[in-house]
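Letter by letter, the chains look like this.
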Amino acid sequence: MGMLKSMPLRVSSRMMLSTILAVACLFQASAQDTAGHNMTDQVPAAMHGQWRGVIEVQDGVYLSLGLNISAAGITLDSPNQGMFERAPTEFTVTERAVTFIDQGLGARYEGELEDGVLAGTFHQARALPLRMYRLTEHDQQRLAFEGTYQGDLQVNAQTALPLRLNIAVLHAEDAHGPYLATLDSPAQQAFGLPVENLQASDEQLSFESAMISATYQGQGSDGRYEGTFIQGMPYPLTLQKVSDDKPLVDISKPDAGEQGGAMATLKRNAQGEIDIEQSFFQGHDQHSQYEIGSVTKTMVAFLLAKLAEDSVVNEDDAVNQWFAEADESITLASLATHHSGLPRLPANLFDGANAQDPYAHFSEQDLRDALSRTTLKVQDYEYSNYGFGLLAEALGKAAQQSFAELLDSQLFTPLGMDNSYVAMTDTDAGEHFIQGHDSLGQAAGAWHFQALAGAGAVVSDLADMQAYVAFMMNLAADDQALAQRLLKVRYPIMECCEQALGWVLQEDPQGRMTVWHNGQTGGYSAFVGFYLDGSAGLVLLNAQSADHTAEMLDQLWELASD
């Protein structure tokens, strides 16, 4: 959540390069041992069977969801995420309808039978249409090929990249059928890459992935296929189906600071002052500069709150005041809360993109062209780099400055953040800009921006970012009007969190509210968080593309218990 992340696009002689996009999992792929609670006396026999459907989680990216209905109750499957036979918290099955609630997933579903198809809506942070078909006996014969296949892509003698192929069986008449397959690169934290034209038999396995311009063809038996993965060049890849005898191999994540980084903890003392402790990794210091990725979005949100307080804009102003191509329903506040209906990325971002610097080419004209061709989705929660890029541009136009100039005048200069800047295509790297690394530890290039700079273009150092977090802590503690506008809850996000302007709000285990955001680019990651009462805060700047949100939240929460 909340990351400007990347997706594998191309294999080089060293590795599969991370660029463009991250695909988030819809579920938590864990099992439950206890059965769900049936809200009816029995499960009608007419509804028994295996049901499968497909959810579009973002443009062109799909996941499968299945229901297993029997006299014993119902369980949930999501084969593309390795989740099987999960018992929901409660469910209801009648002759014509199925509903379930899963509190652990923060999800629910309501569907009614229409011409033999369960047609309904799946809710998890947002509402998604879901049509499920009952698998026929012929469909069930293909279940032998369903599951996760794992292997190491041997890039060269020194580097092996773990890959996973996930196969879900669908009804033959499903528009996405007969299989829905996805590809994961766990070491690169990229999941759910679409796979097309999958063919599976006991003797052969083949597939294509247009998104990463790759193909695979393997031969074998008993769930093991030896073959060739082609992505620009051929690479040997053996895929083995995961089973009790061949369990899933755990892919370890690099530690924070493994390739260098800096961290600061901030805690308010009895005198009301903020004490700061710093830690550095691999010889870095407080002036080492890093890309902070989507943490930039919190700064864009601050600009909106500040300009609204100064009566330069109104939160409910329609963006088409500045971008006539935008739908009239898109407001500044809807962009700042990921509720505009815009997708995660503009459809034309891929046109002419450089795999190593994927946002550098995207101009204001490209943004206008995208807006003129974008059909809005339901204005429910959908994390959007597109939206924050548009928001930053609109705010700049409202203030008659560029986004970079506006951020400097309203935030960097007032807070003395002298080593922070917006990395535009014509911006020189800072004197202390640190080399970044991808998730495998290989050197990664810097990212630059034009019209989507608000999504994640800021470069900063520890001294500046701790000043930023201390400022936010004081703002929140003083409960100023600006803080009330910026940090008040706007929408719920699943079960864990709530959405403010830009920021994510989440209770710690003791019920105290924390505020946080993370960021990730092709070679860097970042985390900032603080308590809403201004008592404690934390900053991590990391010279490697690896998500450390969970660990940083734990450390932030430990600060409050010290």
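Residues numbered from 1 in each chain as written. Predicted model: local features only at pLDDT ≥ 70, side-chain atom pairs only at ≥ 80, totals over all residues. Heavy atoms only, no water.

Colleague: Looking at this structure, I do not really get the pairing of strand 20 (residues 233–241). What am I missing?
Modeller: One face of the sheet, then the other: side chains in a regular strand alternate in exactly this way. Looking at chain direction, strand 13 (residues 147–154) and strand 20 are connected through 2 bridges and run antiparallel. Looking at the pairing, Gln150 lines up with Gln240 of strand 20. Hairpin connection of strand 19 (residues 224–231) to strand 20: 1 residue between the antiparallel strands, including Gly232 at a positive phi of 85°. (Pairing = 2+ DSSP bridges. Helix = DSSP H or I, 4+ residues; strand = E, 2+ residues; numbered from the N terminus.)

Colleague: Whenever I open this one, the sheet that holds strand 17 (residues 204–209) confuses me. Can you help?
Modeller: In any sheet, the strands associate via hydrogen bonds between backbone groups, in a parallel or an antiparallel arrangement. What the 8 strands build is a closed barrel, ordered 13-14-15-16-17-18-19-20; its pairing is antiparallel. Across this sheet, the average inter-strand angle for adjacent strands is 30°, counted without regard to direction. Of the pairings in the sheet, the one linking strand 18 (residues 214–221) to strand 19 comprises 7 bridges and is antiparallel in character. Within strand 19, the residue paired with Gly220 across the bridge is Tyr225. (Axes fitted to C-alpha atoms, helices over the stretch in contact; angles between N-to-C directions.)

Colleague: Explain the packing of helix 4 (residues 364–373) against helix 5 (residues 385–398) to me, please; I cannot follow it from the model alone.
Modeller: Angle between the axes and distance between the axes are the two parameters that describe a pair of packed helices. Where helix 4 meets helix 5, the axes come as close as 12 Å, and the angle between the chain directions of the two elements is 120°. Helix-helix and strand crossings are classified by hand; for helix 4 and helix 5 the assignment is left-handed. Here helix 4 contributes Glu364, Leu367, Arg368, Ala370 and Leu371 to the contact with helix 5, which in turn contributes Tyr386, Leu390, Glu393 and Lys397. (Left-handed = near helix turned anticlockwise from the far one by under 90°. Contact = heavy atoms within 4.5 Å.)

Colleague: Explanation requested: the packing of aromatic side chains in the structure shown.
Modeller: By the definition in use, this model includes 10 aromatic pairs. Measuring from centroid to centroid gives 6.1 Å for Trp516 and Phe527, while their planes differ by 25°, and the two rings are stacked. Linking Trp516 in strand 31 (residues 513–520) with Phe527 in strand 32 (residues 525–531), this pair joins segments that are 11 residues apart in sequence. Neither Trp516 nor Phe527 differs from the other in exposure class; each is buried. A cation over an aromatic ring shows up here: Arg142 above the ring of Tyr179, its NZ or CZ 5.2 Å from the ring centre. Here the guanidinium or amino end of Arg512 rests over the ring plane of Tyr531, the centre of that ring lying 4.6 Å away. (Phe/Tyr/Trp six-rings, centres within 6.5 Å; stacked < 30°, edge-to-face > 60°. Buried < 20%, exposed > 50% of the residue type's maximum accessible area, 1.4 Å probe, protein only. Lys NZ or Arg CZ within 6 Å of the ring centre and 35° of its normal.)

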